[in-house]
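So you can see what is in the structure, the chains are spelled out below.
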Amino acid sequence: MAVGDRLGFGMSATGRMVGIKEVANGLECRCVCPACRAPLIARQGGVRRWHFSHAPGFVVCGSGPETALHRMAKQIIAEWDEVNLPPLDIRVSRRSADGQSVVRNATIPSAQFIVEESVIEARREGFVPDVLLHGANGELLAVEVCVTHKVGRTKQQRVARCALPMIQFSVATFDDWAGGPIELEQQLRTATPEWIFHPQEARLRQQLEAEVEGELLRLRREQTARLLEARTEISGTNDLFAGVDECRTSSHRLKAHTEPQHVAVLGCCIVINVATTTGIWALTADQRLQTKILDQITADAGVSRLRVTERIHTGNHGVLLVTGAAVRNWAEGVAHRLKQAFPDNVTTEEFES
């Protein structure tokens, strides 16, 4: 007997698939291979598990076991009175410019399809479903059986064009099915099929995508408003310097640079003044983030061997005064390094700026 010539099911003279326990032994089974139509012999010995194989003198086709399992599964499903349809989970996820995850979920609930009529391999427009089930009210359900190959993209597209609901069962491939049709039906009954096409999925997914886009737009508008507010507050650089001077104990007054360097980063504005000493103002409504930014700037300055002479918080402004010979060159790169230090708080626009 050739390797792989072990069929769990055979095709009777009437074209119906049968199990090994339903037929007589040997050639008396009067079955043929569903793939190549060669006669089968029912091997019902006392050593090996019972199975069908090609009769002596006939070439083993090789595809018999898979074809037999596939045809038997279709036959079993076609005889069902109802099919339990699984739920379908739909998830749409996008990430906002500042790294926030926006997710919307929906579930099409499970249901039961009551079968009035079934047809095996009923041709449709450009494809042939394994089983086509007809419901009591004219509704249709296509069922595919996967042994080794799942439904391909081309067939999926054709099914979608027809708007035909389709599910797919997967069955395990064994060398033989000694348990026969009963064992196979139990596996099919307990399996959870997957949706190949659900008519409601596209509409529901489109609705979720619209909700996600709406939320992303809201977040973008909020971020823009925060940036505009920050830029408005910091536009009066002289007033800011004066306000900081009021908080300082030093009698030396800060001098506002006529054209301070404005850098948008981390949802706030940073003004770098390199007139005499360098003042770095991190402006944000979030006090916790403001503190983290100033801590990072302090550490960054230390790496460059610069000295932080003062650290002041006044209102919404956090101020560091940094001095050192290389302060100007250091100031030019600090915004870029802040973006790397706080990637979750940096927007796409800020990365590109």
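Residues numbered from 1 in each chain as written. Predicted model: local features only at pLDDT ≥ 70, side-chain atom pairs only at ≥ 80, totals over all residues. Heavy atoms only, no water.

## A few points about the pattern of salt bridges
- Under the criterion given, the structure shown has twelve salt bridges.
- Among the ionic pairs, Arg30 bridges to Glu28, the shortest N-O distance being 3.9 Å.
- Note on Arg30: relative accessible area 61%, which makes it exposed.
- Arg218 serves as the salt-bridge partner of Glu215, at 2.6 Å between the closest nitrogen and oxygen. Pair noted here: Glu215 and Arg218 are both in helix α4 (residues 201-234), with a separation of three residues, about one helical turn.
- Here Arg218 falls in the partly exposed class, since its relative accessible area comes to 36%.
- One connected set of salt bridges, linked through shared partners, spans Glu82, Glu185 and Arg189. (Salt bridge = Lys/Arg side-chain N within 4 Å of Asp/Glu carboxyl O. Buried < 20%, exposed > 50% of the residue type's maximum accessible area, 1.4 Å probe, protein only. Helix = DSSP H or I, 4+ residues; strand = E, 2+ residues; numbered from the N terminus.)

## Considering the pairing of strand β9 (residues 131-135)
- Within β9, four of the five residues are buried, leaving the element largely enclosed by the surrounding structure.
- The sheet contact formed by strand β8 (residues 111-120) and β9 spans five bridges and is antiparallel. Directly across from Ser118, in β9, lies its bridge partner Leu133.
- Where β9 meets strand β10 (residues 140-146), four bridges bridge the pair, whose relative direction is antiparallel. (Pairing = 2+ DSSP bridges.)

## A word on the sheet that holds strand β5 (residues 82-85)
- The strand order across the open sheet formed by six strands is β5-β8-β9-β10-β11-β12, and the pairing between neighbours is mixed. With one partner strand each, in any of the chains shown, β5 and β12 (194-197) form the two edges of the open sheet. Adjacent strand axes in the sheet meet at a mean angle of 40° when their direction is disregarded.
- Bridge analysis of β10 against strand β11 (residues 166-170) gives five bridges, and the strand direction is parallel. The partner of Glu144 across the bridge, within β11, is Gln168. (Axes fitted to C-alpha atoms, helices over the stretch in contact; angles between N-to-C directions.)

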